[in-house]
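Notes for the structure review
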Amino acid sequence: VALALALFGVATNAVATPAALFGAGPASQAMGGTGVSFASDDSAAYINPAGLPNAAKAFAFGVQAARFALTESPASADSLNDESHAILFGVTVPLPFPDPVSDRLVLGLNVSSPGAAIARVAILNESRAQFPLLAPRADALNFNLALGAKLPWGLHVGVGSGLLASLDGKIAIDSGGDAARSVTDDELVLTAAPVVGLEYAPNEAWAFGLVWRSALQSTFDLNVTVENLGSLIVPPLHVTGLAGFDPSELNLEASHVLGSWRLALGVGHRAWSALHTLRDATVQCPPEARPCAALTAHELELRDTWVPRLGVEHVQALGAKAELALRAGYFFEPTPVPAQQGTARVFDNTRHALTAGYGVRFAAPVNLELQMSAQWHHLLPRDHALVRDDRAVTTSTQGEVVGVCWTLGGEF
Amino acid sequence: MRRQYTHAALVLAVCAPLVWTLCAMLAARAQANPADIFGYGSRSSALGGAVSADVSDASANYYNPGGLGWAEHTEVSLGFVHMAPTLVQDGANAPVGAVNAWQFGLVAPGRFWGLPVSFGLAAQVSGRRIARVVTFTEEDQRWFLYEHRPEQLFLVSNVALRVTPRLSLGGGFGFLASTDGVMRITGELVQPASGATQYDSRLDHEVLAELSSVRYPQLGASLKVLPELDLALVYRGEGKVTLDVDSDIEGNIHFGPLAFPTRYLLFSKTIQSWIPRQLTLGARFAPTPVLDLHVDLTWIDWSGLPSPVSATSSQLSIDTRGALFDTPQLPPATQLSSAHASGRLSPRLGAELRPPWGELGWSLRAGYAYQPTPLDADSSSNLLDADVHVFSFGAGLHLLQWGAGNASGLQLDAQTQWGKLGQRTQAAPGGEETSLTGHWVAVGAGLRLSL
């Protein structure tokens, strides 16, 4: 349990968050990533903090795993298959202030961490075959802390923040004297992404949710200077790259409860166009020296996307002290990455995702809930006009992604 | 041919120290907890840290996880502390700067299957900074326990269970972070000539890194023997992050029309972070209803203190294809010296007075701690440290109270600490002696919201 908590400090080199890929929590993941209008457990800290006021004092922990079967045809020398594992932890704590705010504030924490390895950084040359928006994103820390408040008239509001960390530093190498000397001064600094959410439930049947999440970006940025290397002159070197990125999002959702059924329909906008490169040029040309022959950064030219989501849940009693929830969902994730041309092989494909899962809740005195979800993503085949060994070739990318998640939690 | 050789040396001379340094950078050291020096939480710090037998707020996450089991209400805390060390070596102040840090805490008690349980979380972070790393070599003399140590993230999480009405057991983990990976730098370096500049160099980089967590365990027991007497036993396990970093420089060295494949490999192994094992025995005695006396005795096993310097070695291979030129010399592998540290006993004392001043609840606190240096007296080392006597004072005030029996409320705590480093003469490996002394000051305040 505590392991996952460790990690906002160690989010150093995360490459975006798995929640942005699969969703947060097994209930939301099983329902196609919906939940903006009804999530009321710790996952609301990520999905929509405005759902937190409906949460009890509860905890949950679990595991998540995913397998990425990605291909480039003709076959690539670079391995594209991958897998990820994560440990999940969440807690919600109502804050019983005196009137007039009694029973209105709830604090929520939602964390997923990729096991003992908290995050992986793969800052690669763009000529290497890679799917930077898939597997690396599932192998990163996701840390969200939020506060939800209950207002009159069926309104809930929530604020929170996702957290990552960036590495910034400088290295000065002085080769004067008998031996090379160097001074390194670097630091890990927190980067935060505020989240603001609104939930409106005019009656017990309908609920509407709106949440805005700012972009979450962390960088790996080292500036290196080399001096007194005889008569040789070395330009400043920039060992930089994108360690993590979630685009800013705006999600809108409506859900309707009819008897034992809940139906949710939502759409989200992801501002991918704000991301321009995965890494900067190693040698950057100053204005007085332009034009330079130094290598330039590869421009990604991403475009914004709209993601529709659909989820359904059916709840039925299992005897007097337990109930079973069956869930299913779908979402469509258009790729923000254009078809690749030239030597760049930064791939991504449009995905259809089918989701399903269940939850079993045991009433007091047991007060436990077991939840499970599974996702299957199908990457639509896509052609790229590339240049290899100075020859024009057409390659095709496609693949499948399978993800599963289990949690065990309860009120305390 | 001379120019060509220079080109070969250039690639190595630039890239070798660069990668060497990058490895050293990744081999970030974080020796022990920042809380080990300055404490955690305003109340606990004001009591000299002698609180293991009487702590149930968020600072129990550090001092005794078992204390969390006595928490009756959800508590959220926020604190700030400013720490300013003045460390003197041979009459000159060492360049060790002040640190500002924020402290966050959460205690959430509840019942699970009818048993009282509590969840606790505590963190300290220096501004937005999670960690700062400044590398040094075997030859550099450093105040290794103070330089950037307070700027490392401190994060612990625990769960406690009240086993009986008199006994609470707790445990959890503290967390450290490490980074390891591989960096590749490839390409051509251009020298200014014939209209070209160094900015025409076609260099490229790649980074493959992994961030991992290392956990060190904490266990604590809190026993209420009598209404006037509490006892505590706390164990904190050793935490060690062994870091391996490999670097790879690969490319072609061009000699006119000929190209010679070259590969340079560098291996670095570092103990990046290290937390010593600790065992604490604590007691609280209340001679009167308004006065609590605290005493803690902690054994800190410094004997395993590793050298904070990276151990590095390298390999160079050039396929000369029969050409005659000398292979450039590489730096020798690092020879690490022992840290020469031993286990130490650290006593702590505290007193808390609750005078009946007005309707608001006041608390006045004072404490003392002796922190002996882990370095052996007769050893020679470039690691600098000295014994510290820490005097602390503080006060607490209930700003707001509400609910049944005024159980909920908002409390303000403040503290100041003064740590005096005793005079110490230390021998460096070269034989020369250096004189050490100094002091540090920490002031802080915190709000605790009990609900």
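These numbers were taken from a predicted model, which means no experiment stands behind them.

Attention now moves to the overall build of chain A. Counting its secondary structure elements, chain A contains 5 helices and 18 strands. Residues counted as buried form 57% of the 412 residues belonging to chain A. Sequence-distant contacts, at least 24 apart, represent 71% of the contacts inside chain A between residues at least 6 apart. Total accessible area computed for chain A in this model is approximately 15900 Å², and 62% of it derives from carbon and sulfur atoms.

This part is about the overall build of chain B. Looking only at helices and strands, one finds 4 helices and 20 strands in chain B. For chain B, with 451 residues in total, the buried portion stands at 57%. Considering only contacts in chain B between residues 6 or more positions apart, those separated by 24 or more positions represent 70%. As displayed, chain B has an accessible area near 17800 Å², and 60% of this comes from carbon and sulfur atoms.

Our next topic: a nonpolar patch on the surface. Residue and element names in this part refer to chain A. On the surface, Leu 147, Val 159, Val 196, Leu 198, Leu 210, Trp 212, Leu 250, Leu 252, Val 267 and Trp 306 cluster together into a nonpolar patch covering about 860 Å² of accessible area. Elements represented by at least two residues in the nonpolar patch include exactly strand S7 (181-200), strand S8 (206-213) and strand S11 (249-258). A relative accessible area of 42% places Leu 250 in the partly exposed class.

The biggest cluster of nonpolar side chains holds 30 residues, and the ones touching the most others in it are B:Trp143, B:Tyr146, B:Leu305, B:Leu421 and B:Trp440. Once residues within four sequence positions are removed from consideration, B:Trp143 is found in contact with B:Leu87, B:Val88, B:Ala94, B:Leu384, B:Asp385, B:Ala386, B:Leu421, B:Leu436 and B:Thr437. Residues A:Phe89, B:Leu106, B:Ala108 and B:Leu121 belong to the second largest nonpolar core, which totals 26 residues.

Another aspect to go through is the packing of aromatic side chains. On inspection of all chains with the given rule, the structure shows 11 aromatic pairs over all chains. Geometrically, the ring pair formed by A:Phe59 and A:Phe61 is stacked, given 6.2 Å between the ring centres and 15° between the ring planes. Of the residues examined, A:Phe61 reaches a relative accessible area of 33% and is grouped as partly exposed. Consider the rings of A:Phe59 and A:Phe412, whose centres lie 6.2 Å apart with planes at 65°: the pair is edge-to-face. In this pair, A:Phe59 is assigned in strand S1 (residues 58-73) and A:Phe412 in the segment after strand S18 (391-411), connecting sequence segments 353 residues apart. Note on A:Phe412: relative accessible area 14%, which makes it buried. Through successive ring pairs, a cluster of aromatic residues spans A:Phe59, A:Phe61 and A:Phe412. A cation over an aromatic ring shows up here: B:Lys224 above the ring of B:Trp70, its NZ or CZ 4.7 Å from the ring centre.

A separate point is empty space enclosed by the protein. Residue and element names in this part refer to chain B. Evaluation of the coordinates by the stated rule reveals 13 cavities of 30 Å³ or more. Size it by volume and the largest cavity reaches roughly 500 Å³. As for the largest cavity, its lining consists of 39 residues, and the residues nearest its centre are Asp 36, Ile 300, Ser 346, Arg 348 and Gln 371.

In this section: the confidence of the model for chain B. Close reading of the predicted structure is inappropriate where its pLDDT is low. Residues and elements named next belong to chain B. Across chain B, the average pLDDT comes to 79, with 73% of residues at or above 70. The low-confidence segment residues 1-31, where pLDDT is below 50, has 103 contacts with residues more than four positions distant or belonging to other chains. Complex prediction metrics read pTM 0.76 and ipTM 0.73.

The buried fraction of strand S3 (residues 105-113) of chain A is high, at 9 of 9 residues. Covered by surrounding structure in S3(A) are A:Leu105, A:Leu107, A:Leu109, A:Val111 and A:Ser113 together with A:Val106, A:Gly108, A:Asn110 and A:Ser112, the residues of both alternating faces.

All names here are of chain A. The pLDDT averaged across chain A works out to 84; a share of 84% of its residues lies at or above 70. Across chain A, strand S12 (residues 261-270) holds the top mean pLDDT of 97, while helix H1 (residues 2-5) sits lowest at 32. Counting interchain partners and residues more than four positions distant, the pLDDT-below-50 stretch residues 1-16 has 84 contacts.

Okay, the environment of B:Pro85 next. Structurally, the position occupied by B:Pro85 is in strand S2 (residues 75-89). With 22 residues separating them in the primary sequence, B:Pro85 and B:Val107 have C-alpha atoms 31 Å apart.

With that settled, consider the environment of B:Val390. All names here are of chain B. Along the chain, the position of Val 390 falls in strand S18 (residues 388-402). Through-space distance from the C-alpha of Val 390 to that of Phe 104 is 23 Å; in sequence the pair is 286 residues apart. If we skip the residues at most four places from it in the chain, Val 390 touches Gly 367, Tyr 368, Ala 369, Gln 371, Gln 417, Trp 418, Gly 419 and Trp 440.

Let's shift gears to the pattern of salt bridges. All names here are of chain B. In this structure the tally under the stated criterion is 27 salt bridges over all chains. With a shortest N-O distance of 2.7 Å, Arg 284 and Asp 230 are connected by a salt bridge. Here the residue Arg 284 occupies a position in strand S13 (residues 277-288), and Asp 230 occupies one in strand S10 (residues 229-236), the gap between them amounting to 54 residues. In this structure Arg 284 comes out as buried when scored by relative accessible area, which is 9%. Given the relative accessible area of 2%, Asp 230 is considered buried. Bridged by salt links that share partners, the residues Arg 43, Asp 54, Asp 57, Glu 352, Arg 365, Asp 413 and Arg 448 form one connected network.

Now for the environment of A:Asp221. Residue and element names in this part refer to chain A. One can find Asp 221 in strand S9 (residues 216-227). Since its relative accessible area comes to 25%, Asp 221 is described here as partly exposed. Distance in space between the C-alpha atoms of Asp 221 and Ala 344 is 22 Å, their sequence separation being 123 residues.

A separate point is unusual backbone geometry. Residue and element names in this part refer to chain A. Residue Pro 74 is bonded to the preceding Ser 73 through a cis peptide linkage, with omega at 0°. Relative to the assigned elements, Pro 74 resides in the loop between S1 and strand S2 (82-95). The backbone phi angle of Trp 153 is positive, close to 60°, even though this residue is not glycine. On the secondary structure map, Trp 153 appears in the loop between strand S5 (142-150) and strand S6 (155-174). The phi dihedral of Asp 390 is positive, around 65°, even though this residue is not glycine. Of the residues examined, Asp 390 reaches a relative accessible area of 79% and is grouped as exposed.

Right, let's get into the pairing of S1(A). Residues and elements named next belong to chain A. The pairing of S1 with S2 spans 11 bridges and is classified as antiparallel. Each bridged residue has a counterpart across the sheet, and for Arg 67 the counterpart in S2 is Glu 83. With 16 bridges connecting them, S1 and S18 associate as antiparallel partners. Pairing of Thr 71 across the sheet is with Gln 398, part of S18.

How each quantity is defined
Residues numbered from 1 in each chain as written. Chains lettered and ligands numbered in written order. Predicted model: local features only at pLDDT ≥ 70, side-chain atom pairs only at ≥ 80, totals over all residues. Heavy atoms only, no water. Helix = DSSP H or I, 4+ residues; strand = E, 2+ residues; numbered from the N terminus. Buried < 20%, exposed > 50% of the residue type's maximum accessible area, 1.4 Å probe, protein only. Contact = heavy atoms within 4.5 Å. Areas by Shrake-Rupley, 256 points an atom, 1.4 Å probe, with all protein chains shown as cover. Patch = residues over 30% accessible without salt bridge, like charges linked within 9 Å, V, L, I, M, F, W, Y side chains within 5 Å. Salt bridge = Lys/Arg side-chain N within 4 Å of Asp/Glu carboxyl O. Core = buried A, V, L, I, M, F, W, Y, C linked by side-chain atoms within 4.5 Å. Phe/Tyr/Trp six-rings, centres within 6.5 Å; stacked < 30°, edge-to-face > 60°. Lys NZ or Arg CZ within 6 Å of the ring centre and 35° of its normal. 1 Å grid on protein atoms, 1.4 Å probe; cavity = no way out; pocket = protein on both sides within 12 Å on 5 of 7 lines; lining within 4 Å. Points joined across faces, edges and corners; volume = space filled by probe spheres on them. pLDDT = per-residue confidence, 0-100. Pairing = 2+ DSSP bridges.

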